[in-house]
Amino acid sequence: MFLKREGFNHARFRRDIVGIDKKVPLAGGGYASYVNLDNAASTPVLRPVLDKVIEFMDWYSSVHRGTGFKSQVSTHVYDEAHEVVGSFVKADLSSNCVIFVKNATEAVNKVSYRLGLAKGDLVLTTMMEHHSNDLPWRSKAAAVYAGVDRRGALDLDDLETKLRQYGRRIKLVSVSGASNVTGFKNDVGSIAAIAHRAGVPILVDGAQLVPHSPVDIKPDDHPEHIDYLVFSAHKMYAPFGTGVLIGPKRTFLTGAPEYTGGGTVNIVTPETVEWAGLPDREEAGSPNVVGAVALASAIQYLQRQGMRNIENHERTVTSYALKRLGEVKGLRVYGETDPNRTGNRVGVITFNLDGIPHGLVAAALAWEGGIAVRNGCFCAQPYMLHLLGLNPQQLSRLIHKKRAGDLSGIPGMVRVSLAAYNNKKDIDRLIECLEKIKTMSRSGELAKRYALCRETGAYYPRDVKVHPKEVFKLE
Ligand SMILES: Cc1ncc(COP(=O)(O)O)c(C=O)c1O
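Residues numbered from 1 in each chain as written. Predicted model: local features only at pLDDT ≥ 70, side-chain atom pairs only at ≥ 80, totals over all residues.

(A) Focus on the overall build of the protein chain. Scanning the protein chain from N- to C-terminus turns up 16 helices and 19 strands. Over its C-alpha atoms the protein chain spans a radius of gyration of 23 Å, differing by no more than 12% from the 23 Å that the globule rule assigns to 475 residues. Its C-alpha atoms give the protein chain principal-axis dimensions of roughly 75 × 55 × 45 Å. Burial statistics for the protein chain: of 475 residues in total, 44% are counted as buried. (Helix = DSSP H or I, 4+ residues; strand = E, 2+ residues; numbered from the N terminus. Rg over C-alpha atoms; globule rule 2.2 N^0.38 Å. Buried ≥ 20, exposed ≤ 12 C-beta atoms within 10 Å, placed from the backbone.)

As structure tokens, this is what we get:
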């Protein structure tokens, strides 16, 4: 398939973001245009992606089973979307398959089921993982964790040591491509080479990498080949419920799928089951063709812009953000803080403001400045505890408090996460608002305006002029 590369046009990218100029209400009254700095959670949708989805709805029908013309169109489009995804990361689809799932979490879980792990088997993962690349391994085998350094960067030596130490018991090395807490990128090529030397396949959790950097899973016989890659469409401008798992066909042709039912079989008799080919046998039930159309369309958009260009732009804004955040007195950035060292990271930056709880900073950014960030532990609690330097006693006090239904004072951070449409002005708005929050804190205004809910640990403005439930109605 030939794709015309248009080159990166930032102004155009920004214009193409649906809702980019949306105004949101502020606590004290008035409105501000929304600044979304929470892209690591989910990005907004691109207008061309939404347009493609709407265009497709005229042809939307059931996939794979209908004989009607629209059914055949939908089937063709759905199958082609798998190829678009595969070629985006240069997968060899003669030996690998693209499986559509709901999201990255489901993709990791699927691998955890399909590897046929047994008691005593180990998966070597790391201390910097999202829970989605940790908990699935704990329940199917046992996880061992390669350590991280003080700033949170992966300790490759430790990974290699653990590989040697546990030897044949390790069935998979599973690492994030980029951290959703510090933005640190892992050198997945080198990790793959280390794992393959030990005869172990590697899974890369690409949820925070694939939307921001070119990813090449390399030929199967290449030492740096990525055996399994997972990512989510809602983090790359296509929030229609699709996730991706790419892996070797042989894994998924062995044994039965974890979900069985319609679509997964060729022949069923009361006694026997003949599983269908791939990817059908791994995509049980009626597939999400709309999500597939959206993801393929988003990928084609990103390819036209050029993933390397996107990466470079995001690095520039990340560097600017680190520089400006470094100028805010009393603000501590975690992970890599040097604005000139953006080569091994994505635009995820976490920080705390001295003396102001992370939940309060996040709430005030939203309600004083119309700025969306995230706060808390970002589904990566072991990593967060390490970065925050909490000791076991502090940890057990926290668990005790949590069990008692009090989530106030739970340690965490504020996270800013960038995408290709963000610009330096977004960062200026952030800095301006952080300074305002500091001033409000000093004058006591912040404490007056915001209340803490102990059960959730979240802060809310006491006086809201427009409540979120008023602005969009389902009927
Ligand atoms: C690094 C990482 N892995 C996995 C996930 C899970 O993605 P999803 O919620 O789309 O399943 C996330 C989500 O934030 C993530 O940041």
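Next comes the rest of the description.
(B) Representation of the site of the ligand within the structure. Asn103, Thr105, His130, Asn180 and Ser232 are the nearest of the 13 residues found near the ligand. A breakdown of the residues in the shell around the ligand according to their chemical character gives three nonpolar, nine polar and one charged. (Near = placed C-beta within 6 Å. Nonpolar A, V, L, I, M, F, W, Y, C, P; charged D, E, K, R; others polar.)

(C) Seen up close, the pairing of strand β7 (residues 170-176). With respect to burial, β7 is a largely interior element, six of its seven residues being buried. Of the pairings in the sheet, the one linking strand β5 (residues 122-126) to β7 comprises three bridges and is parallel in character. The partner of Leu122 across the bridge, within β7, is Ile170. Alignment of β7 against strand β8 (residues 202-205), held across four bridges, turns out to be parallel. Opposite Val175, over in β8, you have Val204 as the bridge partner. (Pairing = 2+ DSSP bridges.)

(D) Representation of helix α6 (residues 156-166) in the model. Within α6 the residues assigned to the buried category are Leu159, Lys162 and Leu163. For α6, the angular spread of the buried residues around the axis is 105 degrees, confining them to a single face. Exposed side of α6, more than 90 degrees from the buried face: Asp157, Arg164 and Gln165 are the residues found there. On its buried face, α6 sits against β5, β6 (142-146), β7 and α7 (188-197). Gly167, located one to two residues past α6, shows a positive phi value of around 50 degrees. (Arc of directions from axis to C-beta. Contact = placed C-beta atoms within 7 Å.)

(E) Highlighting the pairing of β6. Here five bridges tie β5 to β6, and the two strands are oriented parallel to one another. Paired with Val123 across the bridge in β6 is Ala143. This β-α-β element, β5 to helix α5 (residues 135-140) to β6, shows right-handed connectivity. (Right-handed = clockwise from strand over helix to strand, strands pointing away.)

(F) Quick look at the sheet that holds β8. Sheet architecture is open: seven strands sit in the order β4-β10-β9-β8-β7-β5-β6, paired in mixed fashion. A strand with exactly one partner marks an edge of an open sheet, and here the two such strands are β4 (96-101) and β6. With strand direction ignored, the average angle separating the axes of adjacent strands in the sheet is 20 degrees. (Axes fitted to C-alpha atoms, helices over the stretch in contact; angles between N-to-C directions.)

(G) Local environment of the domain arrangement of the protein chain. Each assigned domain of the protein chain is listed with its residue range as follows: domain 1 (10-36 + 306-464) and domain 2 (50-304). On a C-alpha basis, the centroid separation for the pair domain 1 and domain 2 is 29 Å. Contacts between the two partners involve 24 residues from domain 1 and, on the opposite side, 24 residues from domain 2. Classifying every residue of the side of domain 1 that touches domain 2 gives 14 nonpolar, five polar and five charged. (Domains from an automatic or database assignment.)

(H) Highlighting the sheet that holds strand β14 (residues 348-353). As summarised here, the arrangement of the four strands in space is β13-β14-β17-β16, forming an open sheet in which the pairing is antiparallel. The two strands at the open ends of the sheet, each matched to only one other strand, are β13 (331-333) and β16 (374-376). Strand after strand, the sheet turns through a mean of 30 degrees between neighbouring axes, direction not considered. Alignment of β14 against strand β17 (residues 413-417), held across four bridges, turns out to be antiparallel. By the bridge assignment for β17, Val348 is matched with Ser417. Helix α10 (residues 307-326) contacts β13, β14 and β17 of the sheet and is inclined by roughly 10 degrees relative to β14. With respect to the sheet, helix α11 (residues 358-369) is in contact with β14, β16 and β17, its orientation differing from that of β16 by roughly 165 degrees.

(I) Fine view of the environment of Gly7. Within the secondary structure, Gly7 is located in the segment before α1 (10-15). Owing to 9 C-beta atoms within 10 Å, Gly7 belongs among the exposed residues under this scheme. C-alpha of Gly7 to C-alpha of Gln305: the two residues are 298 residues apart in sequence and 4.7 Å apart in space.

(J) Representation of the packing of helix α3 (residues 69-88) against helix α9 (residues 289-305). Remark: α3 packs on α9, axes separated minimally by 9 Å, with the N-to-C direction vectors making an angle of 40 degrees. By the criterion of interaxial angle, the relationship of α3 to α9 is oblique. At the point where α3 passes α9, the crossing takes the left-handed sense. Note on element contacts: α9 touches α3 through Val289, Ala292, Val293, Leu295, Ala296, Ile299, Gln300 and Gln303, opposite Ser74, Val77, Tyr78, Ala81, Val84, Val85 and Phe88. When the residues that make up the contact of α3 with α9 are grouped by side-chain class, the tally is 12 nonpolar, three polar and no charged. (Parallel < 35°, antiparallel > 145°, perpendicular 65-115°, else oblique. Left-handed = near helix turned anticlockwise from the far one by under 90°.)

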